[in-house]
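# Structural characterization, general
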Amino acid sequence: MRGNLFAGFGHFMVLCLILTGCSGQPPVSSQDPVSSDAPIFHSLEGRDYTVSVEKAFPPPDTHTEVLEVPSKAQYACPLDFEEQMRISDSVVRGEVTDITFTCFQGIAWIKADIRITGSLKGSFAENDRVSVFMLGGYIPLQEHIAYYNDGFRFHDMSEEQIEKTVLKETVDGEDFLSIGQDLILCIVPTIDGSPLPEGAYERVSPAGQLTAEENGRFVQRIWDEGTVIRKSYSYEEIEKWIQ
């Protein structure tokens, strides 16, 4: 079953203010893959920069009530992909090998483990693996209530209903990733003081992702006042922007 959450749950409607240095130089990484203090595991298949999380939630099943929680992002930088690449620490092409729904400070996050198949910018190499975090995902309603202490908002729900309810938090209506997807991602290391695990990377914004299509081109999706703008690029075009 599915439902919707609307006005009245102010802190539910996460206003994602994505601040990335637009007017100055690209951000300097304090966690370069070569020099990071985070644990690095080497194998014949490449270096392992994936991280673990304390909480991992399963996707909802047919017995779960899903309350949808849409939010809109505000961006401090231009959304064209060339600019997204400029402000990023690394630009990688990779395959999604694992997806984890988790939360930090009452907000849903997705951890996507990526096996790198190509590096366009930065120090990652083919077959390295890295965890990339992005806002959105599934979070049990119980987790939300425990963090915000707002059970009074759900006084009309029984304990059993609350236990069987999850929130589906989305940013700009973006679809969640799926295992096996071929992506190009603009990423930065998580900043000091972030609730994310040490050694984690974040996608610079939803616009900093391209998804491969069957025709071999890569599509960028930009949400603009309720309209989805799709831009398509060849891999050769993207490589030229880096050169």
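The present account deals with the structure reproduced in this document.

### Some details on the nonpolar core
Most often, soluble globular proteins have nonpolar side chains that are buried together. In terms of nonpolar packing, the biggest core is built from 32 residues, with Ile114, Phe124, Val130, Val132, Leu177, Leu185 and Ile187 touching the most fellow members. Excluding anything up to four places from it in sequence, valine 130 contacts Tyr49, Thr50, Ala112, Asp113, Ile114, Ile116, Phe124 and Tyr201. In terms of nonpolar packing, the next biggest core, distinct from the first, is built from 13 residues, Val188, Phe218, Tyr233 and Tyr235 among them.

### Description of the pairing of strand β9 (residues 129-135)
Burial of β9 is extensive: six of the seven residues sit out of reach of the surface. The sheet contact formed by strand β4 (residues 46-49) and β9 spans two bridges and is parallel. Considered in β9, the bridge of tyrosine 49 is made with valine 130. Pairing between β9 and strand β13 (residues 201-203): two bridges, direction parallel. Bridge pairing in β13 links phenylalanine 133 to glutamate 202.

### Thoughts on the pairing of strand β11 (residues 165-171)
In terms of residue burial, β11 counts as a mostly covered element, since six of its seven residues are buried. Where strand β5 (residues 65-71) lies against β11, seven bridges are found, and the strand directions are parallel. Paired with glutamate 68 across the two strands is lysine 168, which belongs to β11. The pairing of strand β10 (residues 137-140) with β11 spans four bridges and is antiparallel. Opposite glycine 137, over in β11, you have glutamate 169 as the bridge partner.

Conventions used here
- Residues numbered from 1 in each chain as written.
- Predicted model: local features only at pLDDT ≥ 70, side-chain atom pairs only at ≥ 80, totals over all residues.
- Heavy atoms only, no water.
- Core = buried A, V, L, I, M, F, W, Y, C linked by side-chain atoms within 4.5 Å.
- Buried < 20%, exposed > 50% of the residue type's maximum accessible area, 1.4 Å probe, protein only.
- Contact = heavy atoms within 4.5 Å.
- Helix = DSSP H or I, 4+ residues; strand = E, 2+ residues; numbered from the N terminus.
- Pairing = 2+ DSSP bridges.

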